[in-house]
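Given next are the chains, with one letter for each unit.
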2 protein chains.
Amino acid sequence: MAHQKQEVRDRILLTADRLFQEQGFNETGINQIINEAKIAKASLYYHFKSKEELCVAYLEQRNRIWNEAFYEFLKNKTNKVLAAFDFLIDRNLADDFKGCSFLNMLSETSPEKKQIYDLIQSHKSGLLLFFEYELNDKELAYVIYSLFENAIIESKLYRSQDPIYRLKKYAQKLLER
Amino acid sequence: MAHQKQEVRDRILLTADRLFQEQGFNETGINQIINEAKIAKASLYYHFKSKEELCVAYLEQRNRIWNEAFYEFLKNKTNKVLAAFDFLIDRNLADDFKGCSFLNMLSETSPEKKQIYDLIQSHKSGLLLFFEYELNDKELAYVIYSLFENAIIESKLYRSQDPIYRLKKYAQKLLER
DNA sequence: ATTTATTCAGACAAGTCTGTATGTATTATT
DNA sequence: AATAATACATACAGACTTGTCTGAATAAAT
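Just so we're clear, the structure is a prediction, and the values are computed from it rather than from any experiment.

What counts as what
- Residues numbered from 1 in each chain as written.
- Chains lettered and ligands numbered in written order.
- Predicted model: local features only at pLDDT ≥ 70, side-chain atom pairs only at ≥ 80, totals over all residues.
- Heavy atoms only, no water.
- Helix = DSSP H or I, 4+ residues; strand = E, 2+ residues; numbered from the N terminus.
- Buried < 20%, exposed > 50% of the residue type's maximum accessible area, 1.4 Å probe, protein only.
- Contact = heavy atoms within 4.5 Å.
- Lys, Arg positive; Asp, Glu negative; His and termini not counted.
- Charge placed at Lys NZ, Arg CZ, Asp CG, Glu CD.
- Buried area = accessible area lost by both parts, 1.4 Å probe.
- Salt bridge = Lys/Arg side-chain N within 4 Å of Asp/Glu carboxyl O.
- Polar contact = N/O pair within 3.5 Å; in protein donor to acceptor, adjacent residues only side chain to side chain.
- Nonpolar A, V, L, I, M, F, W, Y, C, P; charged D, E, K, R; others polar.
- 1 Å grid on protein atoms, 1.4 Å probe; cavity = no way out; pocket = protein on both sides within 12 Å on 5 of 7 lines; lining within 4 Å.
- Points joined across faces, edges and corners; volume = space filled by probe spheres on them.
- Least-squares fit on C-alpha atoms with pLDDT ≥ 70 in both.
- Axes fitted to C-alpha atoms, helices over the stretch in contact; angles between N-to-C directions.
- Parallel < 35°, antiparallel > 145°, perpendicular 65-115°, else oblique.
- Left-handed = near helix turned anticlockwise from the far one by under 90°.

Q: Mind laying out the overall build of chain A, listing which residues take part and the relevant values?
A: Across its full length, chain A holds nine helices and zero strands. Evaluated residue by residue, chain A yields a buried proportion of 53% over its 177 residues. Within chain A, contacts between residues separated by at least 24 positions form 64% of all contacts whose residues are at least 6 apart in sequence. Averaging the coordinates of the 26 positive side-chain charges in chain A and doing the same for the 26 negative ones gives two points 2 Å apart.

Q: Go over the interface of chain A and chain B with me, naming the residues and quoting the values.
A: With 36 residues of chain A at the interface, the matching set in chain B holds 36 residues. Carbon and sulfur atoms make up 57% of the surface buried where chain A meets chain B, a total of about 3,400 Å² over both sides. A per-residue breakdown of the area chain A buries against chain B is headed by Glu139(A), Tyr142(A) and Leu157(A), which together make up 19% of the total. Across the chain A-chain B interface, the total number found is two salt bridges. A salt bridge links Glu139(A) to Lys173(B), with the shortest nitrogen-to-oxygen separation between them at 3.2 Å. For the pair chain A and chain B, the interface holds 18 residue pairs in polar contact (both at pLDDT 80 or more). Split by residue class, the side of chain A that touches chain B holds 16 nonpolar, seven polar and 13 charged.

Q: Residues and numbers for empty space enclosed by the protein, please.
A: A probe as big as a water molecule, rolled over the atoms, marks out the empty space that is left. Taken as a whole and judged by the stated rule, the model has four cavities of 30 Å³ or more. Along its surface, the largest cavity is lined by 18 residues, and Leu103(A), Ser107(A), Leu103(B), Ser107(B) and Ile153(B) are the ones closest to its centre.

Q: Explain the relation of the copies chain A and chain B to me, using residue names and the numbers behind them.
A: Superposition record for chain A on chain B: RMSD 0.0 Å, screw rotation 180°, translation along axis 0.0 Å. Here the transformation between the copies is reduced to the relation of a two-fold axis. In this assembly, 100% of the residues forming the interface of chain A have copies in chain B that are likewise at the interface, indicating an isologous arrangement.

Q: With reference to specific residues and values, describe the packing of helix α7 (residues 114-135) of chain A against helix α8 (residues 138-157) of chain A.
A: Residue and element names in this part refer to chain A. Two numbers describe how α7 lies on α8: the axes approach to 8 Å, and their chain directions differ by 130°. One element, α7, and the other, α8, form an angle in the oblique class. For the pair α7 and α8, the sense of crossing is right-handed. The residues of α8 that touch α7, namely those facing Lys124, Leu127, Leu128, Phe131, Glu132 and Leu135, are Lys138, Leu140, Ala141, Tyr142, Ile144, Tyr145, Phe148 and Glu149. A per-class count over the contact of α7 with α8 returns ten nonpolar, no polar and four charged.

Pasting the structure below:
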């Protein structure tokens, strides 16, 4: 096998990752991806047999990247639950308030695409699991998780970090009981 | 002015409303709308000068329809805050778990479309205002509002009413303090 | 050295998209 | 009855979409 194989495949995925986040899935065409990744169209279809398959690979990669960054960020934090909210602030600065890639995809796809729904579900389940693990209280975890999710959405909608600060504070109060 | 004017305009909006919800905005073409509404393309562009303008009218109408149904549902309920969660269950049954039209649009548009962002913001602000009015406690209202929002999203993602029941129960506990 | 895997460039198919243009027919207002 | 508003059908422009195909070039594996 050519040693460039991974390189080209990765370049496709990295470019798709960036464009899907910046513009959304349906607003990003195959042609734009191959132009910006500087690869031939035939090379894309050599690695992915359809745009949907590329979408699946994208979500898998996104889940990996997000989790790595998330747990890396929380590494040296004492209160990881509250620190999770700070992570959102960093992300908004990095991606200009594009919001959650998985929720964005959820709005751009349909339940018939089972593989895609599954990946979104498993990303969100993993996140909820984190809160459950940290809090040892499933009910409280689900509430904090909801605040966390809404913090992402509201900060995207208003293009402001304020909702995050505010919801973090409310989360803190709930933890203090 | 022809008395049919409103009729045709309404038929366009009603059809767009149904299709945008069923399939999403970007997945719905102008041609499908005019076919299903049984009107001429020129008639659509007579009433709306672009698809984006149709989008704006759609969101305005959706906000009206949603609020009417919402407050009608809550009319005879004693605990309106908790009843709001029951409203979500009804809506999921009616629209087959399509989720929130405004959040769906949020994922399909960009902040440059200011008018659209504004309409989404004002819909969500109105909803938050409802909770604030009912609860007389801005902090609690924002928390319940977050549970409500996440109830919509999770029930869509898992195509299940369970998240709503669960989050309603947690909301109830928060109210009881 | 030969086979196999990978990448390239780009034409092409077959369809979609939004929006415009044309001309006519119907309806309402004055 | 004359004028203006509305609605019609439909062709068309021009750009876009995903995906296929061809044929050659390069690189790796055997």
